[in-house]
Amino acid sequence: MTQLPAPGATPAAPPPAEPLPTTTPARPRWRETLGLLARNPTAAVSATVLVLIVLVAVFDETLAPYGPNEQDPSLQLQPPSRDHPFGTDEFGRDVFSRVILGAGTSLRVGFLSVAFALVVGTLIGLVAGYYGRWVDDTLMRLMDVLFAFPAVLLAIAIVAIRGAGPANAILAIGIVYVPIFARVTRASVLGVREEVYVRASRSVGASDWRLITRHVLPNAAPPIIVQTSVSLAFAVLAEAALSFLGLGPRRPNPSWGLMLADGRGFIEQAWWYAVFPGLAIVVTVLCFNLLGDGLRDVLDPRQRTLMAGGGR
Amino acid sequence: MTAPLLEVEDLRVDLRTPRGTAHVVNGLSYTVGPGETVAVVGESGSGKSVSVLALLGLLPERTATVTGRALLQGEDLLTMAPERLRRVRGPGVGMVFQDPMTSLNPVLTVGRQLTEGLRAHGPVSKAAARARAVELLGEVGLPDPGRAVDRYPHELSGGMRQRVVIAMALANSPALLVADEATTALDVTVQAQIIDLVERLQAEQGTGVIWITHDLGVVAGIADRVLVMYGGRCVEDGTVDDVLERPVHPYTRGLLGALPDLATADDADLATIPGTPPAPTDLPAGCVFWPRCPVRGDARCETEQPPLAVVGAGGGELPHRAATWCAEGEAS
Amino acid sequence: MSVLVFSLIHMVRGDPVRLALGTRYSQETYDALRERSGLDLPLVQQYLTWAGRAVTGDLGVSFRSGDTVTSLIGERLPATLTLALAALVVALVIALPLGMLSALHPRSLIDRVATVVSQIGISVPDFWLSIMLILLFAGVLGWLPSGGYVPLTEDPLGWLQRLVLPAIAVGVVSGSVITRFVRSSMLEALGQDHVRTAQAKGVPTRQVLTWHVLRNALLPLVTVTGVQLAYLLSGVVVVEIVFSWPGLGQLAYQAVRDRDFPVLQGSVLLFALVFLVINLLVDLLYSRIDPRIARR
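Residues numbered from 1 in each chain as written. Chains lettered and ligands numbered in written order. Predicted model: local features only at pLDDT ≥ 70, side-chain atom pairs only at ≥ 80, totals over all residues.

> What exactly am I supposed to notice about the overall build of chain B here?
A tally of regular secondary structure across chain B gives eleven helices and twelve strands. Taken over the C-alpha atoms alone, chain B extends approximately 65 × 50 × 45 Å along its principal axes. Among the 332 residues that make up chain B, the fraction classed as buried is 48%. In chain B, once contacts between residues fewer than 6 apart in sequence are set aside, the share between residues at least 24 apart is 62%. (Helix = DSSP H or I, 4+ residues; strand = E, 2+ residues; numbered from the N terminus. Buried ≥ 20, exposed ≤ 12 C-beta atoms within 10 Å, placed from the backbone. Contact = placed C-beta atoms within 7 Å.)

> When you look at the overall build of chain A in this model, what are you seeing that I'm missing?
Secondary structure summary: chain A contains eleven helices and zero strands in total. When the helices and strands of chain A are read in sequence order from the N terminus, they spell out α-α-α-α-α-α-α-α-α-α-α. In chain A, of all internal contacts separated by at least 6 residues, the share reaching a separation of at least 24 is 72%.

> I would appreciate a short explanation of the domain arrangement of chain B in the present structure.
Interface size is commonly expressed as the accessible area that is lost once the parts come together. All names here are of chain B. Taken domain by domain, chain B consists of domain 1 (1-92 + 174-328) and domain 2 (106-171). Here the C-alpha centroids of domain 1 and domain 2 sit 29 Å apart. Facing the 13 residues of domain 1 at the interface are eleven residues of domain 2. Considering each element in turn, the side of domain 1 that touches domain 2 owes the most residues, four residues, to helix H7 (residues 188-205). (Domains from an automatic or database assignment.)

> Looking at this structure, how should I read the packing of helix H3 (residues 110-119) of chain B against helix H4 (residues 126-139) of chain B?
Each packed pair of helices is defined by two parameters, the angle between the axes and the distance between the axes. Residues and elements named next belong to chain B. Remark: H3 packs on H4, axes separated minimally by 9 Å, with the N-to-C direction vectors making an angle of 115 degrees. Between H3 and H4 lies a crossing of right-handed hand. Between H3 and H4, the residues in contact are Gly111, Leu114, Thr115, Leu118 and Arg119 and Ala129, Arg130, Arg132, Ala133 and Leu136, respectively. Among the residues forming the contact of H3 with H4, the class breakdown is five nonpolar, two polar and three charged. (Axes fitted to C-alpha atoms, helices over the stretch in contact; angles between N-to-C directions. Left-handed = near helix turned anticlockwise from the far one by under 90°. Nonpolar A, V, L, I, M, F, W, Y, C, P; charged D, E, K, R; others polar.)

> Explain the UniProt feature "transmembrane region" (unreviewed entry) in chain A to me, please; I cannot follow it from the model alone.
In the UniProt entry, the feature "transmembrane region" (unreviewed entry) is given for residues 37-59, 109-130, 142-161, 167-184, 224-250 and 270-292 of chain A. The span residues 270-292 of chain A is 96% helix and 0% strand, and its two end C-alpha atoms sit 35 Å from each other. (UniProt positions renumbered as here; feature names shortened; annotations may be inferred.)

> What is the right way to look at the interface of chain B and chain C in this model?
Between chain B and chain C, the residue contacts involve 24 residues of the former and 19 residues of the latter. Elements supplying a minimum of two residues to the side of chain B that touches chain C: helix H2 (82-88) and H3 of chain B. Looking at the side of chain B that touches chain C residue by residue, the class counts come to eleven nonpolar, seven polar and six charged.

> It is not clear to me how the UniProt feature "domain: ABC transporter" (unreviewed entry) in chain B should be interpreted in this structure. Could you clarify?
According to UniProt, the feature "domain: ABC transporter" (unreviewed entry) maps to residues 6-256 of chain B in the numbering used here. Secondary structure within residues 6-256 of chain B divides into 37% helix and 27% strand; the distance between the first and last C-alpha atoms comes to 28 Å.

> In this structure, what is going on with unusual backbone geometry? I would like to understand it.
A negative phi angle is the norm for most residues apart from glycine, just as the trans form is the norm for most peptide bonds. Positive phi outside glycine occurs at glutamine 73 of chain B, with the angle close to 45 degrees. Positive phi, normally seen in glycine, also occurs at serine 244 of chain C, with a value near 45 degrees. By the element assignment, serine 244 of chain C lies in the loop between helix H10 (205-242) and helix H11 (248-258).

> Looking at this structure, I do not really get the packing of helix H2 (residues 41-58) of chain A against helix H11 (residues 271-299) of chain A. What am I missing?
Residues and elements named next belong to chain A. At a minimum axis distance of 8 Å, the contact between H2 and H11 shows a crossing angle of 140 degrees. By the angle between their directions, the pair H2 and H11 is classed as oblique. Like other packed secondary-structure pairs, H2 and H11 cross with a definite hand, here left-handed. Between H2 and H11, the contacting residues are Thr42, Ala43, Ser46, Ala47, Val49, Leu50 and Ile53 on the first element and Val283, Thr284, Cys287, Phe288, Leu290, Leu291, Gly294 and Leu295 on the second. Of the residues in the contact of H2 with H11, the class split is eleven nonpolar, four polar and no charged. (Parallel < 35°, antiparallel > 145°, perpendicular 65-115°, else oblique.)

> Please explain helix H9 (residues 193-200) of chain C as it appears in this structure.
Note that an α-helix has 3.6 residues per turn; residues three or four places apart therefore point the same way. In terms of burial, H9 of chain C is a largely internal element, seven of the eight residues being buried. Those residues of H9 of chain C lying buried are His194, Val195, Arg196, Thr197, Ala198, Gln199 and Ala200 of chain C. Packing partners of the buried residues in H9 of chain C comprise strand S6 (93-96) of chain B together with helix H8 (156-190) and H10 of chain C. In the segment just after H9 of chain C, glycine 202 of chain C is the residue with positive phi, at about 85 degrees.

> What is the right way to look at the sheet that holds strand S9 (residues 225-230) of chain B in this model?
To summarise the sheet geometry, strands pair through backbone hydrogen bonds and adopt either a parallel or an antiparallel arrangement. Judged by pairing direction, the sheet is mixed, and its eight strands sit side by side in the order S6-S7-S8-S3-S9-S10-S12-S11 (chain B) without closing on themselves. Strands at the two margins of the open sheet, each flanked by one partner only, are S6 and strand S11 (309-310) of chain B. (Pairing = 2+ DSSP bridges.)

What follows is the structure, encoded as C-alpha cells:
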C-alpha cells in the first residue's frame, strides 16, 4: 500500500544533541517570570497588595495611630469615625490600630508554618522521589495518613494536645501542609529523575547532593512556588481559625482571629468590631490565592500543582 | 449529468488563534455529484479536515469565521438555521472522524451511541433502533454484532472502534458521506470490506462521498475525482486519471514522486518534499507552494497567486485544473 | 490511623489527668481517675486496650461528665451529619449551575462573575461568613434565628430555620472550590472529540450536553465532591461553634477546653473514620458510574 507523506513526514530535524553532562537544565528564568506576572493584572495587583500588607506588618507600630491596648473607657463600642476609622471595641480600643497590629501575628504564623511545611515537605518529597523503593513507599504512606485528616481539624487537635499558643499553632499548621509539599516535590523529582541530563550527571559521578541542588530542585521549583503561595492563603485562614477558637495567641495580643471571636459577642451592637478584622483576613487570603493562580499560569502551565482546594 | 449533490463555492475559514488569525481554508470550490466519490488529498495542515467540519458547522463558533456557500441539494449549509442544520447532520451528511480512540464516548455503550443517532431523526422505538444498530455493526464487519452492541468502546480494539464510528455515520443512510481518514487505522482486508460497503451504498442509494486520505492506493481504488489541497487551497483537481497519471502542479508531482516506485519498492527511495507547509497565520503572498517549490519557473510565482485554471487537453464536464504559473511548460 | 490518633494524646506535655482535674484535687481523686482511665498502665498496653475497646465501640469515659464517649458521640453525630449534608446540598446548588454556565460561555460576563465570586468564596473564613450571615439575617433583617437547634421531629420549621445559615456558611466555601472544578471539568469534556461526533450525528444540543458533556464531566466531579464532603466536616467544626449547633465539632471543642482527652480522642477518631468511609464510598460510586473501571 502506498502512502502520501504522513503527518510530520517532512524531513525531521536531526535529533537535538544531548546536552553535555555539565550543562544545567533550563532554570526558571526569574526576570522573564516577573515580566509575565506583571502583565497579568490580577496577579500584579495582588502581589502589590501583599507587599503593602507586609510593609504594614513590618511598620505596624509606626503606622498604628493608637497602641494595641490603649483604652479609652469613654469611647466603648463607638462606630467608625474620623478618629477611629474602624470604630472601637468594648474597652474603647481602636479597631483600626489593632487590625494593623494583628497583621504581624497572622503573617508571622502564616509564613513560619509554610516555611516549616516547605522545608520538611520538600525534603521528604526529595528523599522519597530520589531514592524510591521502600523509602518512597514508607514516607508517602505516612504522608497519605497525615493527608487523610481534614486540615483544620488536625491543626486543632495538635494545638489542643500541645497547648494553645503561637508556636504550637505554627507547628500544627506546618505539619498539616507537609504532605502537600512532599507530594508536589516527589512528583517533580520523579519527572526529572530519568531525564537525560540527570542520568548524564550521574554517569560522570556527580554526588547525590550536587545532583539534587543543581538539577532536581530547579526543576521542581515552579510547582513548589505555586504551592507556597496557595498554602500561605490557607495558613493565614487556619491561623485565623485557631485564634478564633482561642488556640492561638492569648488576649490581649491583637490577632484577627481573636478580634473576630470577641467581636462576635457584640455583633448586634457593633458590626464594625467583627467586620473589619474579617475583611483583613479575606483580602490577605484572596491576594495569596490570586497570586498563586497567576504564578500557576506563568510557571506551571501543565498544572502539576494540586488543586487550590487541596488544603481545605 | 444530474444536479450536483453538494456544491461548495469559495469556502473560506479563518480561525482566531493566540498567534493571530489563521487562514485555514482560502476559497475552496468543488462539487460532488450523487454516487460520485471525490478524494481530497494533501498533507496534514492543508485544511482538509477543517473544510469539511465547516460544512456541518462543527467548528468552534467563537473562534471560527466561515464564509462562502455550500449547497447541499440546493440548500446552503452555511446559512441554515441551527435546528435545520441539526436535522441535516446524520441523514443529510454522515461524517466519519479520523481518531477512533477519541471519537467515541468512553462511558456509553456502542449501542447507545448508535441508537442515539437513529432516534435523533424520527420516532424509532428502542427495540427497532437496537435491531438496526446490530444490523449496522454487522454491515461494517464487526464480528458478533449482537454482543458488541452492549460493549463499551474500551472493550473493543482500535479497528473495531473505527468500524463503529463508520457504522454511526452510515446509520441514517446519509445523502453525502464524509470520511476523514476513515480506513487509515484498519488493515487491508477490513479496508477493502469497508470500501465495498461504501460502493454498494453509492450504487443503491446514490450516496455522494468525500474521502479524505493520505493513502493514494485507496484514492486510485475508490475515487472518481481527486482534489489536491495545499495551504487551504485547491491546487489541482480533475479525474483520477488526469491527476494521478498527468499531474501538473509541482506539489502534486512532488506527492506522486513521493510514492515508492512499485517495481523497486524500497523505503529508502521514498522522496519527500523538503520543507514544511506554510503556517496558516502567515501565508506567502504569491503561490502558496512557492517556498518549497523546486520549479519556480515564472516571475509571478513569488508575488502573485496563480488562479485555478483548466490545463491540458480537457474541458468538458470534469476539467483538469491546476493553480500554478508553471503549468504550460510541464504539461506539454 | 488509630496509632496516630492515640499518639496525639501522648504528645501532651503533661499528665492528662492532672490537666483535666485542674489545680485543686486530692491524691485519691487523681489515683481513682487515673486508674479508671487505665493511665497507670504502660503505654503499649494502654494503646492496645484502647484500640481493642475502640473496635468494639468502647471509646472510654469522659473525664468531665462521666458519660461514655460513645454515647456522647452518638448524641452529637446526627446533628453534624445533617449539617454536613445540608452544606453539601448548598455547595452543589451553587457550584453545578455556576460552573456549567461558566464553562458553556467562557470569558462571558457570567464566567467572570463566577470566577471572582468563587475566588472570594475560597478566601473567606467560614466562621467570619457565619458571623456576617448572623449579622445580616438575624440582626439587620431579623428573618432567621442566630443559632441553636431544635429536633426536626419537634418543630420542622424551626429546625429548617436554624439549619439554613450554618449550611450556607459551610456550603459557600466548598461550593466555590467545586464551582472551579465543575468549570474546568466541563471545559475539558466539551473539548473531547466524541462531543463533535455526537453533534455530527444530529443529536439535539441538550442531549449532547447531558450525555456527552455532563455525563463525562461528572466522573471526576464525584471524586472531588467526596473529598469536599470530607473537608466540609472540618468547616462544620468551627461553624457549629458559632451557631451553637450541638454537633461533634462542639463536642470536640468543648473537650479541648476541658482537656477531656477521651472525648477528644474519640471525636478525632470518629472524624477520621467518617473521612475514610466517605473516601471508600466515593471509590465505590466511581466504579459504578465509570464503565472503564466497573467492567474490569
